[in-house]
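Read off the chains here:
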Amino acid sequence: QVQLVESGGGLVQPGGSLRLSCAASESIFSFDVMGWYRQAPGKQYELVARITRGGSTIYADSVKGRFAMSRDNAKDTVYLQMNSLKPEDTAVYYCKGIRGGKYEYWGQGTQVTVSS
């Protein structure tokens with residue numbers, strides 16, 4: 001019954017910015033942790049950023065200083081602000097929520113393409 005829906009992806013030039021949104025069907029505080037993952041063509045998926053119920057965040061080294069994760073409880077939504085985008089950021093980005101330490105929920109993904 002839990003549903004996560006990503007949006008905000010698109011085609012941008014190197015150096016550009018995008019903001020991804022992940023809308024949840026219920027309170028984001030019902031999740032122990034929420035995160036953003038990405039999968040580039042022909043490569044395994046990787047953690048981009050995550051935030052705990054208490055607000056602690058962690059980022060992949062490759063995006064530190066460029067990406068920022070945030071949340072809006074009133075809208076049951078988490079965000080990923082992406083700045084100074086590089087071609088290597090091109091991937092499908094997925095939203096993930098975890099409950100009870102083992103229950104995982106995934107969104108359908110949104111495509112981000114960084115190219116001239």
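That block above? That's the structure.
Residues numbered from 1 in each chain as written. Predicted model: local features only at pLDDT ≥ 70, side-chain atom pairs only at ≥ 80, totals over all residues. Heavy atoms only, no water.

Visitor: Could you clarify how one ought to interpret the sheet that holds strand E1 (residues 4-7) in this entry?
Guide: Hydrogen bonds between backbone groups are what pair the strands of a sheet, and the pairing can be parallel or antiparallel. Strand order in the open sheet formed by four strands is E1-E3-E8-E7, and the pairing between neighbours is antiparallel. Looking along the sheet, the strands with just one partner apiece sit at the ends: E1 and strand E7 (67-72). Between one strand axis and the next, the sheet turns through 15 degrees on average, direction left out of account. One ladder, built from four bridges, connects E1 with strand E3 (residues 18-24); its direction is antiparallel. In the strand pairing of E3, Leu-4 is matched with Ala-24. (Pairing = 2+ DSSP bridges. Helix = DSSP H or I, 4+ residues; strand = E, 2+ residues; numbered from the N terminus. Axes fitted to C-alpha atoms, helices over the stretch in contact; angles between N-to-C directions.)

Visitor: Before we go on, may I ask you to explain the packing of aromatic side chains in this structure?
Guide: When we look at a pair of aromatic rings, we describe it by the centre distance and by the angle of the planes. As enumerated under the stated definition, the model contains five aromatic pairs in all. Their ring planes at 75 degrees and their centres at 6.2 Å tell us that Phe-31 and Tyr-105 sit as a pair that is edge-to-face. With Phe-31 in the loop between E3 and strand E4 (33-39) and Tyr-105 in strand E10 (residues 103-106), this residue pair connects regions lying 74 residues apart in the sequence. Ring centres of Tyr-37 and Trp-106 lie 5.3 Å apart, and the angle between their planes is 55 degrees; on these two criteria the pair is classed as tilted. (Phe/Tyr/Trp six-rings, centres within 6.5 Å; stacked < 30°, edge-to-face > 60°.)

Visitor: Help me out: how do you make sense of the environment of Gly-8 in this one?
Guide: Mapped onto the fold, Gly-8 is located in the loop between E1 and strand E2 (10-12). Once the C-alpha coordinates of Gly-8 and Leu-18 are considered, the two residues, ten residues apart in sequence, prove to be 7.0 Å apart. Ignoring any residue separated from it by four or fewer positions in sequence, one finds Gly-8 in contact with Leu-18, Arg-19, Leu-20 and Thr-110. (Contact = heavy atoms within 4.5 Å.)

Visitor: Whenever I open this one, the state of the cysteines confuses me. Can you help?
Guide: When the sulfur atoms of two cysteines share a covalent bond, that bond is a disulfide. As enumerated under the stated definition, the model contains one disulfide in all. The disulfide that involves Cys-22 links it to Cys-95, with 2.0 Å between the sulfurs. When the S-S torsion is -80 degrees, as for the bridge of Cys-22 with Cys-95, the disulfide is left-handed. Here Cys-95 lies in strand E9 (residues 91-99) and Cys-22 lies in strand E3, a separation of 73 residues in the sequence. We note that Cys-22, like Cys-95, is buried. (Disulfide = S-S within 2.5 Å. Buried < 20%, exposed > 50% of the residue type's maximum accessible area, 1.4 Å probe, protein only.)

Visitor: Please explain the side chain of Thr-90 as it appears in this structure.
Guide: When you line up the elements, Thr-90 lands in the loop between strand E8 (77-82) and E9. Reaching out from Thr-90, the side chain makes a polar contact with the backbone nitrogen of Val-114 at a distance of 2.9 Å. Leave out the neighbours within four places in its chain, and Thr-90 touches Ala-40, Pro-41, Gln-111, Val-112, Thr-113 and Val-114. (Polar contact = N/O pair within 3.5 Å; in protein donor to acceptor, adjacent residues only side chain to side chain.)

Functional significance is not addressed by these values, which are geometric in nature.
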